[in-house]
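The primary structure of each chain is shown beneath.
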Amino acid sequence: MTPTTRPLPIDAAEVEFLWLDLTRKCQLACDHCYNASGPEGGHGRMSREAWLDLLDQAATAGIRSVQLIGGEPTMHPHFAELLDRAVALGMETEVFSNLVHVSDANWARFRRTGVSLATSYYSDQAGEHNALTGRPSHRRTRANIARAVELGIPIRAGIIVGRDDQRVAEARADLESLGVTRIGLDDVRPFGRGAEHGQPPDLTNLCGRCGTDAAAIGPNGEVTPCVFSTWMQVGNVRSGDLSTILSGPTMARATEAIRQAVQSKNLKPELKCAPKKCYPDQTPCFPARTPCTPKRELPPACQPDDGECEPGYTSNHCNPRR
Ligand code: SF4
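The rules behind the values
- Residues numbered from 1 in each chain as written.
- Predicted model: local features only at pLDDT ≥ 70, side-chain atom pairs only at ≥ 80, totals over all residues.
- Heavy atoms only, no water.
- Helix = DSSP H or I, 4+ residues; strand = E, 2+ residues; numbered from the N terminus.
- Buried < 20%, exposed > 50% of the residue type's maximum accessible area, 1.4 Å probe, protein only.
- Contact = heavy atoms within 4.5 Å.
- Areas by Shrake-Rupley, 256 points an atom, 1.4 Å probe, with all protein chains shown as cover.
- Arc of directions from axis to C-beta.
- Pairing = 2+ DSSP bridges.
- Axes fitted to C-alpha atoms, helices over the stretch in contact; angles between N-to-C directions.
- Parallel < 35°, antiparallel > 145°, perpendicular 65-115°, else oblique.
- Nonpolar A, V, L, I, M, F, W, Y, C, P; charged D, E, K, R; others polar.
- Salt bridge = Lys/Arg side-chain N within 4 Å of Asp/Glu carboxyl O.
- Phe/Tyr/Trp six-rings, centres within 6.5 Å; stacked < 30°, edge-to-face > 60°.
- Lys NZ or Arg CZ within 6 Å of the ring centre and 35° of its normal.
- Expected span 1.5 Å × (residues − 1).
- Right-handed = clockwise from strand over helix to strand, strands pointing away.

Trainee: Looking at this structure, how should I read the overall build of the protein chain?
Mentor: Scanning the protein chain from N- to C-terminus turns up 8 helices and 9 strands. For the protein chain, the proportion of its 322 residues judged to be buried stands at 55%. The long-range fraction of contacts in the protein chain, counting pairs at least 24 apart against all pairs at least 6 apart in sequence, stands at 69%. Carbon and sulfur atoms make up 51% of the accessible area of the protein chain, which amounts to about 13,300 Å² in all.

This is the structure:
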């Protein structure tokens, strides 16, 4: 069977969502970080003016939704101004933060209409959580999740599974006890520090929808089909127009290559892998590495949902694990 794919090139107007991947700086040093961010990371070569201009271009192109991410986006020197601009442009804006530190000014920003939060959580137990983040972050992150709920700020949390014996169910119960209602689940993605033994990036580890209705802008202005596919740079907004890049042949070829690779893999029953664990109420679509189980043998609750893109899937976007 030949995979069916849409004609090339894609229409820039189809891109509805942008990840603004502001920085590689982060207070934490998670051992699975998909883009290898950490305390030594930098903010890249995008200037304040370039980011603001990008937001204006995005709004003109009809993009109505952005996510500010990194690294820790609130550590970017122009984070506040960028968030303010996105809100002023009427964009739905999600801030994907580790919630280790939130200033009073940022709490006020987060409370505005159109702004929401996303974060990652690993365990109800501080020791297990901190072992994965590389810093004693659990207490602060947990307290700030609770505060966000108290303040009525929309927040979703993704439980990132990095260890087979991780207290996933307990982490979920803990989040629910804090009042979080939007809770996702995902395995560590094999990119950046999440890759085992420095394995090179593999197209088939992407969700397959990258670049169709979303794209990412990196700290140096590089445009990629998503935040995971950082090696697939299709242009740079420091030297080119956003709409031209999104509708150009390079973007179309990258998107097609991802789609073909993922579809080819999914057509092979032996590679249609089950998640490492079966979690009630979850519909993970991301093929796990081990153990591989044919899709037909999975119980219904574990069937991958091909209509969604994990991890941390929210309504119509593929969001990264953190
Ligand atoms: S996964 Fe997220 S919180 Fe952890 S180091 Fe990377 S950017 Fe920071």
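From this point, the narrative continues.
Trainee: Quick question: what am I supposed to make of helix 6 (residues 168–178) here?
Mentor: Given 3.6 residues to a turn, an α-helix orients residues that are three or four positions apart in the same direction. For helix 6, the set of buried residues is Val168, Ala171, Asp174, Leu175 and Leu178. Take helix 6 and look down its axis: the buried residues cluster within an arc of 120 degrees, on one side only. Opposite the buried face of helix 6, at more than 90 degrees from it, the exposed residues are Ala169 and Ser177. Summarising the contacts, the buried residues of helix 6 are in contact with strand 4 (115–121), helix 5 (138–150), strand 5 (155–161) and strand 6 (182–187). Where helix 6 terminates, the next one or two residues include glycine 179, which has phi positive at roughly 100 degrees.

Trainee: For this particular structure, what's the right way to read the sheet that holds strand 4?
Mentor: Strand pairing in a sheet takes place through backbone hydrogen bonds and is either antiparallel or parallel in direction. Across the sheet, 9 strands lie side by side as 6-5-4-3-2-1-7-8-9; this open sheet has mixed pairing. The open sheet is flanked by strand 6 and strand 9 (235–236), the only strands paired with a single partner. Taken together, the 4 bridges between strand 1 (residues 17–21) and strand 7 (residues 214–217) define a ladder with parallel strand orientation. Directly across from phenylalanine 17, in strand 7, lies its bridge partner alanine 214. Relative to the sheet, helix 2 (residues 79–88) contacts strand 2 (65–69), strand 3 (92–96) and strand 4, its axis offset from that of strand 3 by approximately 155 degrees.

Trainee: What am I meant to see in the packing of helix 5 against helix 6 here?
Mentor: The angle between the axes and the distance between the axes are what describe a pair of packed helices. Running from amino to carboxyl end, helix 5 crosses helix 6 at an angle of 40 degrees, the nearest separation of the two axes being 9 Å. Taken together, the axes of helix 5 and helix 6 are oblique relative to one another. For the pair formed by helix 5 and helix 6, the contact residues are Arg142, Ile145, Ala146 and Val149 on the first element and Asp174, Leu175, Ser177 and Leu178 on the second. Among the residues forming the contact of helix 5 with helix 6, the class breakdown is 5 nonpolar, 1 polar and 2 charged.

Trainee: Any chance you could explain the environment of glutamate 196 here in plain terms?
Mentor: Within the secondary structure, glutamate 196 sits in the loop between strand 6 and strand 7. For glutamate 196, a relative accessible area of 51% gives the class exposed.

Trainee: Would you take a moment to explain the pattern of salt bridges for this structure?
Mentor: Note on pairing: side chains with opposite charge can pair once their charged atoms come close. Within the structure shown, the criterion is met by 11 salt bridges. For the salt bridge of arginine 172 with glutamate 176, the shortest nitrogen-to-oxygen distance reads 3.5 Å. Here arginine 172 and its partner glutamate 176 are both found in helix 6, 4 residues apart, which amounts to about one turn of the helix. When its relative accessible area of 22% is taken as the criterion, arginine 172 is described as partly exposed. One network of salt bridges, with partners in common, ties together Arg48, Glu49 and Glu81.

Trainee: Looking at this model, I keep getting lost on the packing of aromatic side chains. Mind explaining?
Mentor: Here the distance between the centres and the angle between the planes together describe a pair of aromatic rings. Applying the stated rule across the entire model yields 6 aromatic pairs. Here the aromatic residues Tyr34, Phe191, Phe228 and Trp231 are joined through ring pairs into a cluster of three or more. Just above the ring of phenylalanine 228 sits the side chain of arginine 189; from NZ or CZ to the centre is 4.5 Å.

Trainee: Can you walk me through helix 1 (residues 48–60) in this structure?
Mentor: The terminal C-alpha atoms of helix 1 lie 19 Å apart, and with 13 residues this matches the ideal 18 Å at 1.5 Å per residue to within 8%. Of the positions making up helix 1, those classed as buried are Trp51, Leu52, Leu54, Leu55, Gln57, Ala58 and Ala59. Structurally, helix 1 contributes buried residues whose contacts are with strand 1, strand 2, helix 2, strand 7 and helix 7 (242–246).

Trainee: In this structure, what is going on with the pairing of strand 6? I would like to understand it.
Mentor: When you tally the buried positions in strand 6, you get 5 out of 6 residues, the bulk of the element. As judged from the 6 bridges shared by strand 5 and strand 6, these two strands associate in the parallel manner. Counted as the bridge partner of valine 161 is aspartate 187 from strand 6. Once the chain exits strand 5 it traverses helix 6 before rejoining the sheet at strand 6, and the crossover so formed is right-handed.

Trainee: It is not clear to me how unusual backbone geometry should be interpreted in this structure. Could you clarify?
Mentor: Only a minority of non-glycine residues have a phi that is not negative, and only a minority of peptide bonds are not trans. Of note, the bond from glycine 70 into glycine 71 is cis; its omega dihedral lies within 30 degrees of zero at 25 degrees. Relative to the helices and strands, glycine 71 resides in the loop between strand 2 and helix 2. Of note, the phi angle at alanine 36 is positive, near 60 degrees, even though the residue is not glycine. Mapped onto the elements, alanine 36 comes out in the loop between strand 1 and helix 1. By relative accessible area, which is 43% here, alanine 36 ends up partly exposed.

Distances and angles like these do not, on their own, reveal function.
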